[in-house]
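So the chains spell out like this:
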Amino acid sequence: MLSPSTVLSSDPAGFSKIAVWAVVAMIAILAIRYLLDRCLTGRPRRSGTATRISGNVALYAKPILTETEAGFFRSLEDAVDGRYLVWPQLPLWTFIETRSNDAGAAAAFKNRINLKRVDFCLVDRQTNTVHKSIELDDRTHQRSDRQHRDAFVQDVLKQAGVPLIRIPAAKVYDSQTIRRQLGIDRADMNGRKLPEAM
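What you see is a predicted model; the values in this text were computed from it and never measured.

1. Comments concerning the overall build of the chain
- Each helix and strand in the chain was counted, giving six helices and six strands.
- When the helices and strands of the chain are listed from N to C terminus, the series reads α-α-β-β-α-β-α-β-β-α-β-α.
- Restricting the contact set of the chain to residue pairs at least 6 apart, pairs at least 24 apart contribute 58%.
- Of the accessible surface of the chain, which amounts to about 13,900 Å², a share of 58% is contributed by carbon and sulfur atoms.

Right under this line is the structure:
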């Protein structure tokens, strides 16, 4: 019977050939996988672990905010100074309830708002309800399909009694200007004065 030590001591050259072929095979497998991923997704594999839910779909984590939205988010949190919770990318169905005696109509309407969301919501800390919603208007809001979507969302929010504030996208945001755009007065709910922006 052959043991690993017998094979290694009797044929060291044969073992090194096997090792070389194993390395070549691994490189070939990795190259084929890379090429398949690139062909299927149109881009190289991202770092991190992907979860595959089917043969052609890979899932990866991504940022929930663009750089512009992240800059606005930080300034918005400064502007509200703890008066409200700031929730980004909130789907409409999470804060708008549909009620109807017609279950089919309610389900159909909910399907229409399921994939719609607003950029930011100011949420009341005591009631956990949305006080105001905010959309950052960048150049994508000038497209006709986006204008149709924006009109629908604005109508839904108006009927639900949730004010929608549209703020032009910018490179830099000022907390005092944001407070003015949102109509937030200088005193918060506890009577404490919000700090003046520099």
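2. With respect to the nonpolar core
- Of all hydrophobic cores here, the largest spans 19 residues; its most connected members are Phe72, Leu76, Phe120, Leu122, Ile134 and Leu182.
- Those elements that place two or more of their residues in this core are α3 (67–80), β3 (84–91), β4 (117–124), β5 (130–137), β6 (164–168) and α6 (175–182).
- Per-element accounting of this core gives the leading share, six residues, to α3.
- Setting aside residues no more than four positions away along its own chain, Leu182 makes contact with Leu76, Leu122, Lys132, Ile134, Ile165 and Ile167.

3. Here we look at the pattern of salt bridges
- Overall, the coordinates contain eight salt bridges when judged by the stated rule.
- With its nearest N and O atoms 3.0 Å apart, the salt bridge here joins Asp137 to Arg166. Here the residue Asp137 occupies a position in strand β5, and Arg166 occupies one in strand β6, the gap between them amounting to 29 residues.
- Across the pair Asp150 and Arg146 runs a salt bridge, and its minimum N-O distance is 3.2 Å. Separated by four residues within a single helix, Asp150 and Arg146 lie in helix α5 (residues 144–160), roughly one turn from each other.
- The buried category is assigned to Asp150, whose relative accessible area is 6%.

4. So, unusual backbone geometry
- With phi around 45°, Asp81 is a residue other than glycine that occupies positive phi space.
- Locating Asp81 in the fold gives a position in the loop between α3 and β3.
- Its relative accessible area of 25% is what places Asp81 among the partly exposed residues.
- Here Asn128, not a glycine, exhibits a phi torsion of approximately 60°, which is positive.
- You can see Asn128 is positioned in the loop between β4 and β5.

5. Section: the packing of aromatic side chains
- For the structure shown, the criterion picks out four aromatic pairs.
- Between Phe72 and Phe120, the aromatic rings sit 5.3 Å apart at their centres with planes inclined by 50°, giving tilted as the arrangement. Taken together, the residues span a long stretch of sequence, with Phe72 in helix α3 and Phe120 in strand β4 at a distance of 48 residues.
- In this structure Phe72 comes out as buried when scored by relative accessible area, which is 0%.
- With a relative accessible area of 0%, Phe120 lands in the buried category.
- Aromatic rings pair up to connect Phe72, Phe73, Phe120 and Tyr173 into one cluster.

6. Thoughts on the side chain of Gln89
- Looking at the secondary structure, you find Gln89 in strand β3.
- A polar contact is formed between the side chain of Gln89 and the side chain of Arg117, at a distance of 2.7 Å.
- Each residue touching Gln89, except ones within four places of it in the same chain, is listed here: Ile64, Leu65, Glu69, Arg117, Val118, Asp119 and Phe120.

7. Topic: the side chain of Glu135
- Among the structural elements, Glu135 can be located in strand β5.
- Of the polar contacts made by the side chain of Glu135, one reaches the backbone nitrogen of Asp119; its length is 2.9 Å.
- With sequence-adjacent residues up to four places away left out, Glu135 is seen in contact with Arg117, Val118, Asp119, His141, Arg146, Arg149, Asp150, Leu164, Ile165, Arg166 and Ile167.

Parameters at a glance
- Residues numbered from 1 in each chain as written.
- Predicted model: local features only at pLDDT ≥ 70, side-chain atom pairs only at ≥ 80, totals over all residues.
- Heavy atoms only, no water.
- Helix = DSSP H or I, 4+ residues; strand = E, 2+ residues; numbered from the N terminus.
- Contact = heavy atoms within 4.5 Å.
- Areas by Shrake-Rupley, 256 points an atom, 1.4 Å probe, with all protein chains shown as cover.
- Core = buried A, V, L, I, M, F, W, Y, C linked by side-chain atoms within 4.5 Å.
- Buried < 20%, exposed > 50% of the residue type's maximum accessible area, 1.4 Å probe, protein only.
- Salt bridge = Lys/Arg side-chain N within 4 Å of Asp/Glu carboxyl O.
- Phe/Tyr/Trp six-rings, centres within 6.5 Å; stacked < 30°, edge-to-face > 60°.
- Polar contact = N/O pair within 3.5 Å; in protein donor to acceptor, adjacent residues only side chain to side chain.

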